[in-house]
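The lines below spell out each chain.
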Amino acid sequence: MHASSMQSKPVDRVVVLGGGSAGLMAAMTLKQKLPTLDVTVLRSPGIGIIGVGEGTALGFTRHLFEYLQIDPNAFYREAEPTWKLGIKFLWGKRDYFYYAFGPEYDRQLPGMPRPMGYYCGETDSLANVGPFSAFMDSDFAFMRHASGRPEMHNHLAFHFENKKLAAWLEQCCRKLKVGFMEATIQEVSVGEAGVEALHADDGRKIKADLYVDASGFRSELLGRALDVPFISYADALFCDRAVLGGWARTDEPVHPYTTSETMEAGWCWQIDHERIINRGYVYSSAFISDEDAEAEFRKANPKVEGPSRIVKFRSGRYAETWVKNVVGVGNASGFVEPLEATALQVIAMTSQGVASMLAEGGGRVTQSLRRQLNRFNARNWDSIRDFLALHYKFNDRLDNPFWRHCRAETPLGDAAEFAEIYQDNGPVVTAMGAAIPNDDQFGTAGYLTMFVGMDVPYTNPHHASAGERQAWQQANEHYKALARNGVPVTEALDYIRKNGVPA
C-alpha cells in the first residue's frame, strides 16, 4: 500500500479550540453531519466575542439552508440578522454602483445582442441593471406577493451583530449535544502525529483525535505549535488596520446592503442592523496615522457614539490549513481584509469540507484527503486576494499617494488574465467564464460587476443602435417599476416574527 494512502485511526473525538463564530460554526457543522462524533468546544473564560457588525456572502446562506438544512424560523428568531442583497460601492468614476448577489451583468436580454455590461455607459448610475440592484437602490429587501407578504429567496446574505450570531451558534451546538469546556491553555504537546495534548492551567490534559484550531489571529495550534509558514498578502493588500465605531439607529432606513465607501487611505464600511448602525474604516498605516485615520473616520461619521477602537490585522494565509491532526478555521488559518465580507463564508466552506471528507471517508483521514482540502483552501484564499486586489488596482475615484500607489503597485495574480480579457474585449461572458475556475466564489458575474462598475476601459466598445438603446432603457424602467412594489427590511422582519418564514 502506498504510504500516502495508509489510513489512520478513525476520528472519534474532536476538540475545537476557540469559542467564537469560527469554532462554533465548525463544531455545529461537524456534529450536524456526523452525529456520533464526540465534539467539544474548548474556550478560554478570559476571551470574549468581538462586538462588531459583520456581513456575509452568498456561500454562507447556502451553507446554512442547503448544506445544514437549519430551521430558518429559529435562525431569524435567535440570530436576529438583517438582509444583505449585495454591496453598494462608492468606488471608481461613477457616483455609485451595486454588487448584487443575484444574476445581473452576466445576462443577455431580448433586443440586446450583447451582454448587459456593454450597455452601461460612462455616466449611467447602474441603479437598475437588474432586479437586485433596483431593489437595493429603492431600499427594499423583497418583492411583495399579491397577498402583501414578502416573496423571500436565497439570493442574499446577512448582516449580524457578532454577539447575537455567536449566541445562536452556541444554542445550535448545545441542541446537537456539542460539549463545552472552559479552560486556559498554557502548553501544547507536539509529537510525530501532530498535537498530542493541550495542557490547561488547572492541570487538565485534553486529548483528541482531531484538533480544530479556531483560536483567531493567535493561531495557537496551526501557527504556533506546528509552526506552519505564513504567506503574507501585504504585497497586494496594503491595508492593515481598522478603526471601528457606530451609533444607535434613529430614523435612518435599514439598508438591505453593505456600503463600501472610498476613503483617503482605504475604505469605510457601513453595516445596517435593526437597532444600530456599524461603521469601520479599513486603512493602510503606511499612508495615514492612527490619529488622522480616526479624525477622518469621525468627520465622515459624525453620529459615531463613544470611543472608537483600532484593530490591527495582517492579510495572508498559512501554507496549509490541515496539518497532521490539526485543521485551522477562520482567522487561525488566514485572513483577508473585509472588503467583500468573505470571513464567515470561508469558515463555512472549510467546515463543510472537513465534515464532508470525514463523513465520506468513514471518519478516517488520509494524507491525500488533507492535501485536497489544503489545495482547495489555498486556491480559495488566493482568489479572494486577487479579487480584492483588482478593487484597488482600478479604483480611480481619488488622486492621492495611497490610491496612486494602489493603481501602480497592486499585483493582480491570477485575476490579471481576467482583467486582460476584459480590457481586450469588453464585458464578454463566455470567454470570462471559460477563464475563471468553477470553484472561484465570485464567478463571472462578480468580476464583470467590478470591471463595469469601476468603468475599466476596454478596446472593443459596442455602439448600440437606437433599438438596442431603447431596449436597455425599457429594461431599466422595468426593474425600477418592480422595485416600487417592494417590502422594506423592517416590514419583512415584522412579518416573519408574526407569521414565520413564508414557504
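Residues numbered from 1 in each chain as written. Predicted model: local features only at pLDDT ≥ 70, side-chain atom pairs only at ≥ 80, totals over all residues. Heavy atoms only, no water.

Concerning the sheet that holds strand 1 (residues 13–17)
Spatially, 10-2-1-14-23-22 is the arrangement adopted by the 6 strands of the open sheet, whose pairing is mixed. For this open sheet the edge positions go to strand 10 (179–182) and strand 22 (322–323), each flanked by a neighbour on one side alone. Where strand 1 and strand 14 (residues 210–213) come together, 4 bridges link them in parallel fashion. Considered in strand 14, the bridge of Val15 is made with Tyr211. Lying over the sheet, helix 1 (residues 21–33) contacts strand 1, strand 2 (38–43), strand 10 and strand 14, oriented at roughly 170° with respect to strand 2. (Pairing = 2+ DSSP bridges. Helix = DSSP H or I, 4+ residues; strand = E, 2+ residues; numbered from the N terminus. Contact = heavy atoms within 4.5 Å. Axes fitted to C-alpha atoms, helices over the stretch in contact; angles between N-to-C directions.)

Considerations on unusual backbone geometry
Backbone geometry at Asp227 places phi at a positive 55°, although glycine is not the residue there. Residue Asp227 is classed as exposed on the basis of its relative accessible area of 61%. (Buried < 20%, exposed > 50% of the residue type's maximum accessible area, 1.4 Å probe, protein only.)

Here's the deal with helix 10 (residues 401–409)
Among the residues of helix 10, Phe402, Trp403 and Cys406 are the ones counted as buried. Buried positions in helix 10, seen along its axis, are confined to an arc of 90° and lie on one side of it. Facing away from the buried side of helix 10 by more than 90 degrees, the exposed set consists of Pro401 and Ala408. Looking at the buried residues of helix 10, the elements they touch are strand 17 (258–263), strand 18 (266–272) and helix 9 (367–393). (Arc of directions from axis to C-beta.)

Brief notes about the side chain of Lys31
Tracing the backbone through its elements, the reader meets Lys31 in helix 1. One buried charged residue, Lys31, remains without a salt bridge, the closest side chain of opposite sign being Asp38 at 6.1 Å. Of the polar contacts made by the side chain of Lys31, one reaches the backbone oxygen of Leu37; its length is 2.5 Å. (Lys, Arg positive; Asp, Glu negative; His and termini not counted. Salt bridge = Lys/Arg side-chain N within 4 Å of Asp/Glu carboxyl O. Polar contact = N/O pair within 3.5 Å; in protein donor to acceptor, adjacent residues only side chain to side chain.)

Observations concerning the packing of aromatic side chains
All told, the structure shown has 36 aromatic pairs when counted by the stated rule. Seen from their ring centres, Phe89 and Phe97 are 5.3 Å apart, and the 20° between their planes marks the pair as stacked. Comparing Phe89 with Phe97 shows no difference in burial state: the two are buried. Consider the rings of Phe387 and Phe442, whose centres lie 3.9 Å apart with planes at 20°: the pair is stacked. Of this pair, Phe387 sits in helix 9 while Phe442 sits in the loop between helix 12 (430–435) and helix 13 (443–453), and the two are 55 residues apart along the sequence. In this structure an aromatic cluster arises from ring pairing among Phe60, Phe65, Phe75, Tyr76, Trp83, Phe142, Phe158, Phe160 and Trp168. One cation-aromatic arrangement involves Arg314 over Phe230; the distance from NZ or CZ to the ring centre is 3.5 Å. (Phe/Tyr/Trp six-rings, centres within 6.5 Å; stacked < 30°, edge-to-face > 60°. Lys NZ or Arg CZ within 6 Å of the ring centre and 35° of its normal.)

Quick word on the pattern of salt bridges
Using the criterion set out here, one finds 29 salt bridges in the structure. Salt-bridge contacts for Arg317 lead to Asp382; the nearest nitrogen and oxygen are separated by 2.9 Å. Highlighted residues: Arg317 in strand 21 (residues 316–318) and Asp382 in helix 9, separated in sequence by 65 residues. The exposure class assigned to Arg317 is buried, which follows from its relative accessible area of 9%. A single network of salt bridges, built from pairs that share partners, joins Glu80, Glu161, Lys164, Glu274, Arg275 and Arg497.

Quick notes on the nonpolar core
The biggest cluster of nonpolar side chains holds 145 residues, and the ones touching the most others in it are Phe75, Trp83, Trp168, Tyr281, Leu390 and Phe451. Residues in contact with Trp168, not counting those within four places in the same chain, are Met28, Leu64, Ile70, Ala74, Phe75, Glu78 and Ala79. In this structure, Leu198, Ile206, Tyr211 and Leu221 belong to the second largest nonpolar core, which totals 18 residues. (Core = buried A, V, L, I, M, F, W, Y, C linked by side-chain atoms within 4.5 Å.)

What to know about the pairing of strand 2
Of all the 6 residues making up strand 2, 5 are buried; the element is thus mostly covered by neighbouring parts of the structure. The sheet contact formed by strand 1 and strand 2 spans 5 bridges and is parallel. Note on strand 2: the bridge partner recorded for Arg13 is Asp38. Bridge analysis of strand 2 against strand 10 gives 4 bridges, and the strand direction is parallel. Residue pairing across strands places Leu42 opposite Met181, the latter belonging to strand 10.

Considerations on the sheet that holds strand 21
With respect to topology, 3 strands assemble into an open sheet ordered 15-21-24, the strand pairing being antiparallel. Edge strands, defined here as strands with exactly one partner in the open sheet, are strand 15 (230–232) and strand 24 (334–335). Of the strand pairs in this sheet, strand 15 and strand 21 are connected by 3 bridges, and their pairing is antiparallel. Within strand 21, the residue paired with Phe230 across the bridge is Tyr318.

What about the state of the cysteines?
Counted according to the given criterion, the structure contains 0 disulfides. Cysteine Cys172 remains unbridged, with the sulfur of Cys173 as its closest cysteine sulfur at 7.0 Å. As a non-bridged cysteine, Cys268 has Cys239 as the owner of its nearest cysteine sulfur, 12 Å distant. (Disulfide = S-S within 2.5 Å.)

Overview of the environment of Arg371
Turning to its location among the elements, Arg371 is positioned in helix 9. Residues Arg371 and Asp201, spaced 170 residues apart in sequence, show a C-alpha to C-alpha distance of 34 Å.

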